[in-house]
Amino acid sequence: MKPLIIANWKCNPTTLKAAKGLFNSIQKGLRDVKKAKVVICPPFIYLSNLKISKSQNLVLGVQNVFWEQKGAFTGEISPQMLKDLGCQYVIVGHSERRKHLNETDEMINKKIKALVKAKLQPIFCVGESEEERKKGQTIQILKSQIEKGLKEISRKEIKNIVLTYEPIWAISTSTNRKDCPPEEAQMMSLLLRKILAKKYGRGGVNRTPILYGGNVNSKNIRLYIDEAQMDGVLVGGASLGSKEFLKIVKIARG
Ligand code: PEP
């Protein structure tokens, strides 16, 4: 499996000109990269201005979605609209939305079901806080997030979902953050696969990519891909500079 490298631009950059500049230099730098798949997730508003030239290992994603396809839902963006603009992936369950926008597991589940129905790929984020980790609740939290987030998702559908382990305490903007040791990331990815296997059967989940996210950069990418054996990474802060992001992709492809 080619490593999947996902760029989460979050609420950046603040101008269309800067977004186009960042996107174009990443696209240019990826021309000769065949052994990695890259997904850029810009803010919604820039999506239709970012043009992918053909025969690239580069596709577009976004950072959120609503669970209905159309109708009286002021301010929302539906899976169908995203599909129409050529978007393929959607981040759901990110800890920043869970925390600042009170997104619940039930809302996340509705989003995942709507995406699967529209044939878009959810990038489903799970992860524990520093406090939960200290209390020894990590396994319980991950099990509960997966159980609730994937409620009524079938064995066939799970193959089109990307699961991402993002410990909140390792995200670059978290206060008093720490790096997640690669052994711990690997242990958590094995745990996630075990949880999926219990729910769907072993054969059904081997094709579900499991990624790591939390302060990934060009200095530690090798640890997460080679040592922790993750199927890819979700990159926040370090995806906002084309040079650093391209370095990450080039190291990840091996
Ligand atoms: C994220 O929050 O999705 C993320 C991966 O952020 P960072 O890489 O900046 O820790």
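Structure: above.
Residues numbered from 1 in each chain as written. Predicted model: local features only at pLDDT ≥ 70, side-chain atom pairs only at ≥ 80, totals over all residues. Heavy atoms only, no water.

Trainee: Explain helix α1 (residues 16-29) to me, please; I cannot follow it from the model alone.
Mentor: Side chains of residues three or four places apart in an α-helix project in the same direction, reflecting 3.6 residues per turn. Compared with an ideal rise of 1.5 Å per residue, which puts 14 residues at 20 Å, α1 spans 20 Å between its outermost C-alpha atoms and is within 8% of the ideal. Of all the positions in α1, only A19, L22, F23, I26, Q27 and G29 are classed as buried. Taken together, the buried residues of α1 touch β2 (37-41), β3 (58-62) and α10 (242-252). (Helix = DSSP H or I, 4+ residues; strand = E, 2+ residues; numbered from the N terminus. Expected span 1.5 Å × (residues − 1). Buried < 20%, exposed > 50% of the residue type's maximum accessible area, 1.4 Å probe, protein only. Contact = heavy atoms within 4.5 Å.)

Trainee: What is the right way to look at the sheet that holds β3 in this model?
Mentor: As a general point, the strands of a sheet are linked pairwise by backbone hydrogen bonds and lie either parallel or antiparallel. Spatially, the 8 strands close up into a barrel ordered β1-β2-β3-β4-β5-β6-β7-β8, and their pairing is parallel. Sheet twist, expressed as the average angle between the axes of neighbouring strands with direction ignored, equals 25°. Where β3 meets strand β4 (residues 87-92), 3 bridges bridge the pair, whose relative direction is parallel. Counted as the bridge partner of L60 is C87 from β4. The strands touched by helix α6 (residues 138-149) within the sheet are β5 (121-126) and β6 (162-165), with β5 carrying the most contacts at an inclination of about 150°. (Pairing = 2+ DSSP bridges. Axes fitted to C-alpha atoms, helices over the stretch in contact; angles between N-to-C directions.)

Trainee: Please clarify how the side chain of E103 should be interpreted in this entry.
Mentor: Looking at the secondary structure, you find E103 in the loop between α3 (95-100) and α4 (105-117). E103 gets classed as buried once you look at its relative accessible area, which sits at 7%. The contact partners of E103, leaving out residues within four places of it in the chain, are N64, G93, R97, R98, I108 and K111.

Trainee: Just checking my understanding: could you explain unusual backbone geometry for this structure?
Mentor: If a residue is not glycine, its phi is most likely negative; likewise, a peptide bond is most likely trans. Along the chain, N12 connects to P13 via a cis peptide bond; the corresponding omega equals -15°. Inspection of the secondary structure puts P13 in the loop between β1 (4-8) and α1. The phi angle at K119 is positive, at roughly 60°, despite the residue not being glycine. Examined against the element boundaries, K119 turns out to sit in the loop between α4 and β5. One non-glycine residue, N215, lies in positive phi territory at about 55°. As for its position among the elements, N215 is in the loop between β7 (210-213) and α9 (221-227).

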